[in-house]
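What the coordinates show
As a plain string of letters, each chain reads:
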Amino acid sequence: MSFYTTPAPVIVTCHKRLAPYLEQEVKDLGFDVEEAFITGIRTKGTINDCIRLNLNIYCASQVLYSLGSFKADHPDDVYKHFSNIAWEDILPDPGYFSVTSNVQHPSINNSMFANLRVKDAIVDRFREKKGTRPSTGSELTGAVVHLFWKNEYAEAFIDTSGDSLARHGYRKIPGRAPMLEALAAATILASRWNKTSSFVNPMCGSGTLAIEAALIATNRRPGLFRDNYAFMHLLGYDQEVYYAEQDKLEEQITAIPDLKIIATDYSNVAIANARKNAIAAGVADMIEFEVCDFADTLIPQINKGVFFINPEYGDRLGEIGELEETYARIGDFMKQKCGGYYGYVFTGNLDLAKKIGLKAKRRIEFYTSKIDCRLLEYELYEGTRREIVVGPF
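In this report, the structure presented in the accompanying data block is examined. Here the structure is a predicted model, which means the values were calculated and not measured.

1. Concerning the pairing of strand S7 (residues 143–150)
- Along S7, six of the eight residues are buried, which leaves the element largely enclosed by surrounding structure.
- Both strand S5 (residues 96–104) and S7 contribute to a ladder of eight bridges, which runs parallel. Bridge pairing in S7 links Thr100 to His146.
- Pairing analysis gives seven bridges linking S7 to strand S8 (residues 153–159), with the strands arranged antiparallel. Bridge pairing in S8 places His146 opposite Phe157.
- Taken together, S7 and the strand that follows it, S8, pair antiparallel across an intervening segment of two residues, in which Asn151 is found at a positive phi of about 55°.

Pasting the structure below:
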């Protein structure tokens, strides 16, 4: 049976704390989510279903198609199991493949050794069955085989993605301390933005948040910006299936004529780079870019939506003393200029967040790199000052 049309367990992985938003995306695509965990979800599908998932999801990292689970107490058990898989029916010959893994087992202190055992099993299988040896390497430009191994439980996968889906592919100039595209998308999906009201993003840096907002609002999917996936390098791959899914991406783009997205930054270089990234993403005409201090950002008074800012945390950029003043100014600006909006501050420094001087309605957990972060939500009331809840964080 062809795995292109044979359903099997599929794991869609993501960065830590993105799983709730990934789960909703997968459900919106019509898949049943059998299990959700901290770094992904489990569903069921064919390789052709995996093609659709790869092209459409904003928050994912990899889409893994299961070839079956097995018990492993030793690296030799891994070698034996992978040797028994008919790789000659999966990987092209001649061809190139890579091996990745997620291993937590007392017999392994270096995951590269587990990768090597998998690679040896596949290569030895080809030598035995076909008398040939496929090329291998660490670059994820061809077919990719993945091993999951935790304690005695192991599972073999075809990684249908290759390079991480979390990088959406349009951002050519990342700027300083950039937010990962999948993370930016997840924070927007976590907000109360309705995708048609104003989206105001001061301190925009390389423009990732504003660009992701434009993409999400108009239903432009990450598959529009990428032309190489690991599924393309499997034996029997039908490019017509891929082309049909690509056509759907184009057809589902929705115009939002009155959408107003504003992105500002005090740096001329940042705005120039953000504009270039927006051009690459095809949404430059949807975003109003301006060089200014965040406090000089124009806040539309019609069709009020969200104010979304990602200030420095003091971990990689900025000095704490200066940032305390900045956070206090952010709080003042939201109170004075953003009535009727939802305010969002994404930060990895909760001590600095106390300087905002407003009580957050929600504190949504995220990670960026290895930094424990929060997306702080503020409901910014219109009217008299007494309607605004001011107090300790």
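2. What to know about the pattern of salt bridges
- Scanning the entire structure with this criterion turns up 21 salt bridges.
- A salt bridge links Lys354 to Asp351, with the nearest nitrogen and oxygen atoms 3.6 Å apart.
- By relative accessible area, which is 49% here, Lys354 ends up partly exposed.
- Under the relative-accessibility criterion, Asp351 is labelled exposed at 56%.
- Salt bridges here are not isolated pairs; linked through shared partners, they connect Arg17, Glu365, Asp372 and Arg374.

3. Details of the environment of Lys71
- Mapped onto the secondary structure, Lys71 falls in strand S4 (residues 62–71).
- A relative accessible area of 57% places Lys71 in the exposed class.
- For Lys71 and Glu152, which are 81 residues apart along the polypeptide, the C-alpha to C-alpha distance reads 5.4 Å.
- The contacts of Lys71, once residues within four sequence positions are left out, are Asp77 and Glu152.

4. A closer look at the sheet that holds strand S10 (residues 261–265)
- Reading across from one edge, S11-S10-S9-S12-S13-S15-S14 is the order of the seven strands in this open sheet, with mixed pairing throughout. Each edge of the open sheet is held by one strand with a lone partner, namely strand S11 (287–291) and strand S14 (362–368). Strand-to-strand, the axes of this sheet are offset by a mean angle of 20°, without reference to chain direction.
- The sheet contacts of helix H9 (residues 320–337) involve strand S12 (306–309), strand S13 (342–347) and strand S15 (371–379), and relative to S13 the element is tilted by about 165°.

5. Structural notes on the packing of aromatic side chains
- Counting across every chain of the model gives 18 aromatic pairs.
- On the basis of an interplanar angle of 45° and a centroid distance of 5.9 Å, the ring pair of Tyr242 and Tyr243 is categorised as tilted.
- According to the relative accessible area criterion, Tyr242 is buried, its value standing at 5%.
- What makes Tyr243 partly exposed here is its relative accessible area of 34%.

6. Thoughts on the sheet that holds S7
- A sheet is described by the order of its strands in space; here eight strands give the open sequence S2-S3-S1-S4-S8-S7-S5-S6, paired in mixed fashion. A single partner strand is all that each edge strand has here, and the edge strands are strand S2 (35–37) and strand S6 (135–136).
- By the bridge criterion, three bridges tie S2 to strand S3 (residues 40–45) in an arrangement that is antiparallel. Looking at the pairing, Phe37 lines up with Gly40 of S3.
- Running over the sheet, helix H2 (residues 47–56) touches strand S1 (8–13), S3 and S4 and is turned about 140° from S4.

7. Some words on helix H5 (residues 181–190)
- Of all 10 residues that make up H5, nine are buried, and the element is covered over most of its length.
- Buried within H5 are the following residues: Glu181, Ala182, Leu183, Ala184, Ala185, Ala186, Thr187, Ile188 and Ala190.

What counts, and at which threshold
Residues numbered from 1 in each chain as written. Predicted model: local features only at pLDDT ≥ 70, side-chain atom pairs only at ≥ 80, totals over all residues. Heavy atoms only, no water. Buried < 20%, exposed > 50% of the residue type's maximum accessible area, 1.4 Å probe, protein only. Helix = DSSP H or I, 4+ residues; strand = E, 2+ residues; numbered from the N terminus. Pairing = 2+ DSSP bridges. Salt bridge = Lys/Arg side-chain N within 4 Å of Asp/Glu carboxyl O. Contact = heavy atoms within 4.5 Å. Axes fitted to C-alpha atoms, helices over the stretch in contact; angles between N-to-C directions. Phe/Tyr/Trp six-rings, centres within 6.5 Å; stacked < 30°, edge-to-face > 60°.

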